Amino acid sequence: MAIDGEYVPSPASWVRDQVEAYEGSGGRQGTTLRDTELPVVIVTNRGAKTGAVRKTPLMRVEHDGSYLAVGSKGGAPQNPVWVYNLRANPDVELQDGQDKWSMTARELTGEERGLWWERAVAAFPPYAEYQKKTTRLIPVFVLEKTQ
Ligand code: F42
């Protein structure tokens, strides 16, 4: 299901600019984290309170066609707001380069979380540092193609 409606860009200019470059080029430009070659995906979802369309770049952590959304926010003490949005509205769209899918987000716990956390750190090693910087357990969601 397409996530239509009013798009409210991130208040952070580097995030907003990445979304614009990524989407504006059809997934050919702006697809890596600044100053690195590491790939990024764009997750489109709805705000929990406003219902507005939100777009969040995240590191690309992929396995067998599913993706992981890691709520690291650089190891900040608080969860990113999008974590609450995904808990309330798990229907998302994910863009990986030129490909786009409808997906459903499911928050992970226990062993399944541990397995995916290893994949996340393999794809983006700073996640391990971010977890050490904060006392919260970084929330993670697997995004699976909607049937
Ligand atoms: N962040 C990560 O957490 N993990 C990553 O792997 C990651 C990678 C990444 C790569 C490239 C890049 O450009 C950015 C990257 N980020 C990564 C940063 C990420 O894109 C987010 O900017 C960051 O996680 C912060 O998310 P946030 O949702 O807290 O964003 C804030 C700045 C924000 O947009 N706030 C909005 C606002 O207007 O203040 C939130 C608005 C919102 O969602 N409101 C809800 C609504 O209903 O509309 C209700 C909110 C409520 O109060 O419940």
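Our subject is the structure listed above.
The structure displayed is predicted, hence computed values, not measured ones. (Residues numbered from 1 in each chain as written. Predicted model: local features only at pLDDT ≥ 70, side-chain atom pairs only at ≥ 80, totals over all residues. Heavy atoms only, no water.)

(A) Summary view of the pattern of salt bridges. Throughout the structure, instances matching the rule amount to six salt bridges. Between R87 and E107 there is a salt bridge, with the nearest N and O atoms lying 2.8 Å from each other. Of this pair, R87 sits in helix α2 (residues 81-88) while E107 sits in strand β6 (residues 99-107), and the two are 20 residues apart along the sequence. For R87, a relative accessible area of 42% corresponds to the partly exposed category. Relative accessible area serves as the criterion here: at 32%, E107 is assigned to the partly exposed category. Here E144 makes a salt bridge to R106, at a shortest N to O gap of 3.1 Å. On the criterion of sequence distance, the pair formed by E144 in strand β7 (residues 140-145) and R106 in strand β6 is long-range, its members being 38 residues apart. E144 gets classed as partly exposed once you look at its relative accessible area, which sits at 28%. (Salt bridge = Lys/Arg side-chain N within 4 Å of Asp/Glu carboxyl O. Helix = DSSP H or I, 4+ residues; strand = E, 2+ residues; numbered from the N terminus. Buried < 20%, exposed > 50% of the residue type's maximum accessible area, 1.4 Å probe, protein only.)

(B) A look at the pairing of strand β5 (residues 91-96). Across the six residues of β5, five count as buried, placing the element largely inside the fold. With three bridges connecting them, strand β1 (residues 40-46) and β5 associate as antiparallel partners. Bridging from a neighbouring strand, T44 pairs with E93 of β5. Following β5, the chain reverses through two residues before pairing antiparallel with β6; G97 in that reversal takes a positive phi of roughly 60 degrees. (Pairing = 2+ DSSP bridges.)

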